[in-house]
Amino acid sequence: MPDVARKPPRFGYGFYGTGRADLKSAVKAAEDYGYDTFVMPDHLAEQLSPLPTLAVVAELSSTLRIAPWVLCNDFRLPQILARELATIDSLSGGRLDVGIGAGWARDEYVRAGLSFDPGGARLRRLKDSVAVMKAMLAGGPISISNDHLQVKELLGFPSPSQAPHAPLMLGGGGRKMLEWAATEADIVSIIPLAAPNGGLFASELTIGALQRKIGWVHESAGPKFDDLVLNLALVNIVITADRRSVARSVAGAISAGQSLFVADAQLSEDDLLNSPYFAFGTTHEIAEHIQGVFEQTGVSYYCLFPHLAEMFGPILEHIHR
């Protein structure tokens, strides 16, 4: 794996809530624990819509950055989305990060009456959308013609506070997606590769698998690599005095097909104890584990799913000491 530039650690507090009271409570918790960013997913489920909610977060907090984590490209027209993002960035004083992806939840597409095309087609649409959004956020008027969009003399207004645009997060688990993200994004999110029939490959959970992918990102990014922020999501946290016993139990569940991971490899207890996607132990042990991942990989930005964000708060206090 290449040498990586060390960056200050960042942590994102995930939110799935359904009302203002939930939102205010989550914003206060994120501030109190010392989170850097308030992040929201983009699903057609029982959750608030991310963009207007994040605009409210920017009013409730004067310190938290805000980020959709991540927007589904096929749910919006990029010409219009760029304008909405520029507005939020301007009104928040330049605290927006933009995460966007090609979409993956087939059932949501079906319920919304959208065609769930093969991954290659969805990725091509995402690439075309990102080109239009970047051009609009840099100013205008712009004219772009590609496979999916024909934009003619469209004004890029308002101007975002951050130049040339809010930091862009792209990522995935496959080599092609990560190599493209390395050339286009400011933040590269690295996830376990998805299996064709659902779930994520268990072999992708190891620290070695992550280091291999960081190598792909480095090779594709070239001199830009040192400026990239590398991002991960913590999949599971268990606070325990016997971390090895928990790792043994989780390894057994994966082998038995009782988790979201597809058992394409036999993982040992040590594989899981060293995994960048899991954290088992006391609050002090977990803090040491996260710091070890930083040192071994250069990953500096962790996002926490909503059901883990509060649990991780006391651990974050250890890391910030």
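This text gives an overview of the structure that appears in the document.

The rules behind the values
- Each chain carries its own residue numbering, running from 1 in the direction its sequence is written.
- Where totals are concerned, whole chains, interfaces and linings use all residues; where local detail is concerned, this predicted model gives features only for residues with pLDDT of at least 70, and gives and counts side-chain atom pairs only at 80 or more.
- Computation of side-chain values: all heavy atoms of the structure, hydrogens and water removed.
- By the criteria applied, helices consist of DSSP H or I runs no shorter than four residues and strands consist of E runs no shorter than two, each listed in order from the N terminus.
- Only C-alpha atoms enter the radius of gyration; for comparison, a globular chain is expected to reach 2.2 Å times N to the power 0.38, where N is the number of residues.
- Relative accessibility decides the category of a residue: with a 1.4 Å probe and only protein chains considered, values under 20% of the type maximum give buried, values over 50% give exposed, and everything between is partly exposed.
- Definition of nonpolar core: a set of buried residues of the types Ala, Val, Leu, Ile, Met, Phe, Trp, Tyr and Cys, connected through side-chain atoms within 4.5 Å.
- Should any heavy atoms of two residues lie within 4.5 Å, those residues are considered in contact.
- In short, DSSP must find at least two bridges between two strands for them to pair.
- Where helices are involved, their axes are fitted lines through C-alpha atoms of the stretch in contact, as for all axes, and angles between N-to-C directions lie from 0 to 180°.
- Oblique is the label for any angle not under 35 degrees, not over 145, and not in the 65 to 115 range, which are roughly parallel, roughly antiparallel and roughly perpendicular in turn.
- Left-handed describes a crossing whose near helix is turned anticlockwise from the far helix by less than a right angle; the clockwise case is right-handed.
- Gly is placed with the polar residues, together with every amino acid not listed as nonpolar (Ala, Val, Leu, Ile, Met, Phe, Trp, Tyr, Cys and Pro) or charged (Asp, Glu, Lys and Arg).
- Salt bridges are identified by distance alone: a Lys or Arg side-chain nitrogen within 4 Å of an Asp or Glu carboxyl oxygen.
- Here a pair means two rings of Phe, Tyr or Trp (six-membered ring of Trp) with centres within 6.5 Å. Their orientation is stacked below 30 degrees between planes, edge-to-face above 60, and tilted elsewhere.
- A pair of cysteine sulfur atoms is labelled a disulfide when the two atoms are within 2.5 Å.

Once that is clear, we can look at the overall build of the protein. Assigned secondary structure in the protein consists of 11 helices and 15 strands. Taking 2.2 N^0.38 as the reference for a compact globule, 321 residues should give roughly 20 Å; the C-alpha atoms of the protein span a radius of gyration of 19 Å, in line with that estimate. Viewed in the frame of its principal axes, the protein has a C-alpha envelope of about 60 × 45 × 40 Å. The 321 residues of the protein split such that 51% are buried.

This next bit is on the nonpolar core. Formed by 88 residues in total, the largest nonpolar core has its most connected members in Phe11, Phe38, Leu272 and Phe312. Setting aside its immediate chain neighbours within four residues, Phe38 contacts Tyr13, Phe15, Leu23, Ala26, Val27, Ala30, Leu54, Val57, Leu64, Arg65, Ile66 and Ala67. In terms of nonpolar packing, the next biggest core, distinct from the first, is built from nine residues, Ala67, Trp69, Ala233 and Cys303 among them.

Our focus in this paragraph is the sheet that holds strand 4 (residues 71-72). Read from one edge of the open sheet, nine strands run 3-2-1-15-11-9-8-5-4, paired in parallel fashion. Where the open sheet ends on each side, the last strands, each with one partner, are strand 3 (65-68) and strand 4. Here strand 1 (residues 10-14) runs beside strand 2 (residues 37-40); their pairing, made up of three bridges, is parallel. Paired with Tyr13 across the bridge in strand 2 is Phe38. The strands touched by helix 10 (residues 283-297) within the sheet are strand 1, strand 11 (229-234) and strand 15 (301-304), with strand 15 carrying the most contacts at an inclination of about 140 degrees.

Interhelical geometry of helix 3 (residues 78-91) versus helix 5 (residues 119-137) gives an angle of 45 degrees and a closest axis separation of 9 Å. The angle between the axes of helix 3 and helix 5 places the two elements in the oblique class. Crossing hand, helix 3 versus helix 5: right-handed. Mapping the contact onto sequence places Pro78, Gln79, Leu81, Ala82, Leu85 and Ala86 in helix 3 and Ser129, Val132, Met133, Met136 and Leu137 in helix 5. Of the residues that constitute the contact of helix 3 with helix 5, the class distribution is nine nonpolar, two polar and no charged.

Helix packing geometry: the angle between the two helix axes and the distance between the axes. For the pair helix 10 and helix 11 (residues 306-319), interaxial distance at closest approach is 9 Å and the crossing angle is 65 degrees. With respect to the hand of their crossing, helix 10 and helix 11 are arranged in right-handed fashion. Counting all contacts with helix 10, which are made through Thr283, His284, Ile286, Ala287, Ile290 and Gln291, the residues of helix 11 involved are Phe312, Ile315, His318 and Ile319. When grouped by side-chain class, the residues that make up the contact of helix 10 with helix 11 number six nonpolar, four polar and no charged.

Attention now goes to the pairing of strand 6 (residues 142-145). Across a regular strand the side chains alternate sides, sitting on one face of the sheet and then on the other. Bridge analysis of strand 6 against strand 7 (residues 150-154) gives three bridges, and the strand direction is antiparallel. Residue pairing for strand 7: Ser145 is matched across the bridge by Gln150. The loop that links strand 6 with its antiparallel partner strand 7 comprises four residues.

Before going further, it helps to spend a moment on the pattern of salt bridges. By the definition in use, this model includes 15 salt bridges. For the salt bridge of Arg10 with Asp97, the shortest nitrogen-to-oxygen distance reads 2.9 Å. Placement of Arg10 in strand 1 and of Asp97 in the loop between helix 3 and strand 5 (98-101) is noted, with a sequence separation of 87 residues between them. The same class applies to Arg10 and to Asp97, which are both buried. Across the pair Arg76 and Asp42 runs a salt bridge whose closest N-O atoms are separated by 2.7 Å.

Let us look at the packing of aromatic side chains. Going through the model one piece at a time under the given rule, you end up with 11 aromatic pairs. Taking the centre distance of 5.5 Å and the plane angle of 40 degrees together, the rings of Phe15 and Phe38 count as tilted. Here the residue Phe15 occupies a position in the loop between strand 1 and helix 1 (20-33), and Phe38 occupies one in strand 2, the gap between them amounting to 23 residues. Grouping residues by exposure puts Phe15 and Phe38 together as buried. Between the aromatic rings of Phe261 and Phe278, the centroid separation amounts to 5.9 Å while the plane-to-plane angle is 90 degrees, which identifies the pairing as edge-to-face. A residue pair is termed long-range when its members are at least 10 positions apart, and Phe261 in strand 13 (residues 261-262) and Phe278 in strand 14 (residues 278-281) qualify at 17 residues. Judged by its relative accessible area of 6%, Phe261 is buried. Since its relative accessible area comes to 3%, Phe278 is described here as buried. An aromatic cluster of at least three residues, connected via ring pairs, comprises Phe11, Phe294, Tyr302 and Phe312.

Here we take up the state of the cysteines. Counted under the stated rule, the structure contains zero disulfides. With no disulfide of its own, Cys72 has Cys303 as its nearest cysteine by sulfur position, at a separation of 18 Å. On the basis of relative accessible area, Cys72 is assigned to the buried category, the value being 7%. Residue class for Cys303 comes out buried when judged on its relative accessible area of 0%.

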